[in-house]
Amino acid sequence: MIISRTRKELEIALNKLSEIPGKLALIPTMGNLHQGHLSLLTIAKKKASKTISTIFVNPLQFGKNDDFEKYPRTHEDDIKKLNDEGCDLLFLPLNNKEVFSSIDNIKTIKSGTLGLELCGKIRPGHFDGVLTVVNRLFEIIKPDIAVFGAKDYQQEILIRQMAKSLYPNLELIKAPIIRADNGVALSSRNNYLSEPELEIATNLYKCLYKSSISYKENIDLKVIIDEAKKYLNSYNLSPDYFELRDENLNKINVNGYDGKKAFLGSVNINKTRLIDNIEF
Ligand code: PAF
């Protein structure tokens, strides 16, 4: 695997890759890689002849109370994992300038009203930060394909909407959520949890699953959501939100919606916030 630490090195590496025929797939990450990230690479490798991953802890998507400083940087481990999985190129920028050129002159991409809902309500500006960096990576790397995980349901929709207008030829792939044996969705944030907390976290998935079954059984949606919140609170998983949304993130308030949809949940275990969803 080639590792590029600067834009210049990246340009040279991308030129070299361009000699190989076929598509280039991008897997953007913030590092601290787990099986969920590696599954994105596996999907990318099936769809493209060349893969590039990025590891960049993007300061723009962290609010002042977020965990930017605390966010785990595990470069040595990450490089080994990507190399073992056969990634062709890693862009691991030395600093913010290697991504944004001038930090005072960044082309900000706004996430609009959808970016202010759900996770955006709790983390104002977060999705503008995500879209701004993802747009920048698309601009610099010019991939044919990009892969994002389904766990970040709202993020995936917002990126899809941005790409549709700015990069109409780019193929976006949504990769399924990877879960531990106990059902917990893999996430870098799980590292902040103790064993007993991880056990408690299983109740988020259980609750999402049970809610999806109840919806299919036509139990009143309001009752499902009230019960879900009660259930989560009973395990001290204080919920920020628990909602049913369609594939464009419109809120569903009624029973009988037969299009693609997902229950989305965000909960707090002590100071760690976990999100998960179930599509059906
Ligand atoms: O999902 C993530 O890890 C990040 O939000 C992303 C897409 C890499 C942008 O920094």
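Everything that follows concerns the structure shown earlier in this document.
Residues numbered from 1 in each chain as written. Predicted model: local features only at pLDDT ≥ 70, side-chain atom pairs only at ≥ 80, totals over all residues. Heavy atoms only, no water.

Student: Would you explain the packing of helix H6 (residues 126-141) against helix H7 (residues 153-166) in this entry?
Tutor: Between two packed helices, both the angle of their axes relative to each other and the distance between the axes serve to describe the pair. Relative to each other, H6 and H7 sit at 45 degrees, their axes nearing to 10 Å. The orientation of H6 relative to H7 falls into the category oblique. Pair H6 / H7 crosses with right-handed handedness. Between H6 and H7, the residues in contact are Phe127, Val130, Leu131, Val134, Asn135 and Phe138 and Gln154, Gln155, Leu158, Ile159, Met162, Ala163 and Leu166, respectively. Here the residues of the contact of H6 with H7 are counted per class, giving 10 nonpolar, 3 polar and no charged. (Axes fitted to C-alpha atoms, helices over the stretch in contact; angles between N-to-C directions. Helix = DSSP H or I, 4+ residues; strand = E, 2+ residues; numbered from the N terminus. Parallel < 35°, antiparallel > 145°, perpendicular 65-115°, else oblique. Left-handed = near helix turned anticlockwise from the far one by under 90°. Contact = heavy atoms within 4.5 Å. Nonpolar A, V, L, I, M, F, W, Y, C, P; charged D, E, K, R; others polar.)

Student: Help me understand helix H1 (residues 7-17) in this model?
Tutor: An α-helical segment advances 3.6 residues per turn. Residues three or four places apart therefore align on the same side. Along H1, the residues that are buried comprise Leu10, Ala13, Leu14 and Leu17. Each buried residue of H1 sits inside an arc of 100 degrees when the element is viewed along its axis, so together they form one side. Opposite the packed face of H1, turned more than 90 degrees from it, sit the exposed residues Lys8, Ile12 and Lys16. (Buried < 20%, exposed > 50% of the residue type's maximum accessible area, 1.4 Å probe, protein only. Arc of directions from axis to C-beta.)

Student: Please explain the sheet that holds strand E7 (residues 238-246) as it appears in this structure.
Tutor: Two modes of strand pairing occur in sheets, parallel and antiparallel, and in both the strands are linked by backbone hydrogen bonds. If you trace the 3 strands from one edge of the open sheet to the other, you get E7-E8-E9, paired in antiparallel fashion. The sheet is open, and its two borders are formed by E7 and strand E9 (272-279), each paired with just one other strand. Geometrically, the sheet is characterised by an average inter-axis angle of 15 degrees between neighbouring strands, direction not taken into account. In this fold helix H9 (residues 221-234) packs onto E7 and strand E8 (261-269), with an angle of close to 150 degrees to the strand it touches most, E7. (Pairing = 2+ DSSP bridges.)

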